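Close look at the chain arrangement
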Amino acid sequence: MGSFDMSPATLFAGMVVSGVGFVLFRYGKNESEFPQILAGLALMACPMFVPGALMNYLACAGVLAALWAHARWMP
């Protein structure tokens, strides 16, 4: 594993993305919705593997867009 970025922007981005993931995970668990549980887990784990604040936000947007597309077009 490479160097870990400890800048305030990256730490804040990780907290925001993980917080959104936790809320989504809890919602999916309460409603028994597997896609929301999976997206929540992905968002909680994402800041550990994605470097930089911008990349964290882009990864979060990608996961949420995939979840939206799944909810929109899957029966």
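Refer to the preceding data block for the structure.
Residues numbered from 1 in each chain as written. Predicted model: local features only at pLDDT ≥ 70, side-chain atom pairs only at ≥ 80, totals over all residues. Heavy atoms only, no water.

So, on to the packing of helix α2 (residues 34–49) against helix α3 (residues 53–73). Packing of α2 against α3 brings their axes to within 10 Å, and their N-to-C directions diverge by 175 degrees. Of the possible angle classes, the one that applies to α2 and α3 is roughly antiparallel. Across from Pro35, Gln36, Ala39, Leu43, Cys46 and Pro47 in α2, the residues of α3 making contact are Asn56, Ala59, Cys60, Val63, Leu64, Leu67 and His70. A breakdown of the residues in the contact of α2 with α3 according to their chemical character gives 10 nonpolar, 3 polar and no charged. (Axes fitted to C-alpha atoms, helices over the stretch in contact; angles between N-to-C directions. Helix = DSSP H or I, 4+ residues; strand = E, 2+ residues; numbered from the N terminus. Parallel < 35°, antiparallel > 145°, perpendicular 65-115°, else oblique. Contact = heavy atoms within 4.5 Å. Nonpolar A, V, L, I, M, F, W, Y, C, P; charged D, E, K, R; others polar.)

As a packed pair, helix α1 (residues 8–31) and α2 sit with axes 7 Å apart at the nearest point and diverge in direction by 160 degrees. Relative to α2, α1 is oriented roughly antiparallel. Relative to α2, the crossing made by α1 is left-handed. Facing α1, whose interface residues are Gly14, Val17, Ser18, Val20, Gly21, Phe22, Leu24, Phe25, Tyr27, Gly28 and Lys29, α2 presents Gln36, Ile37, Ala39, Gly40, Leu41, Leu43, Met44 and Pro47. Of the residues belonging to the contact of α1 with α2, the class tally is 12 nonpolar, 6 polar and 1 charged. (Left-handed = near helix turned anticlockwise from the far one by under 90°.)

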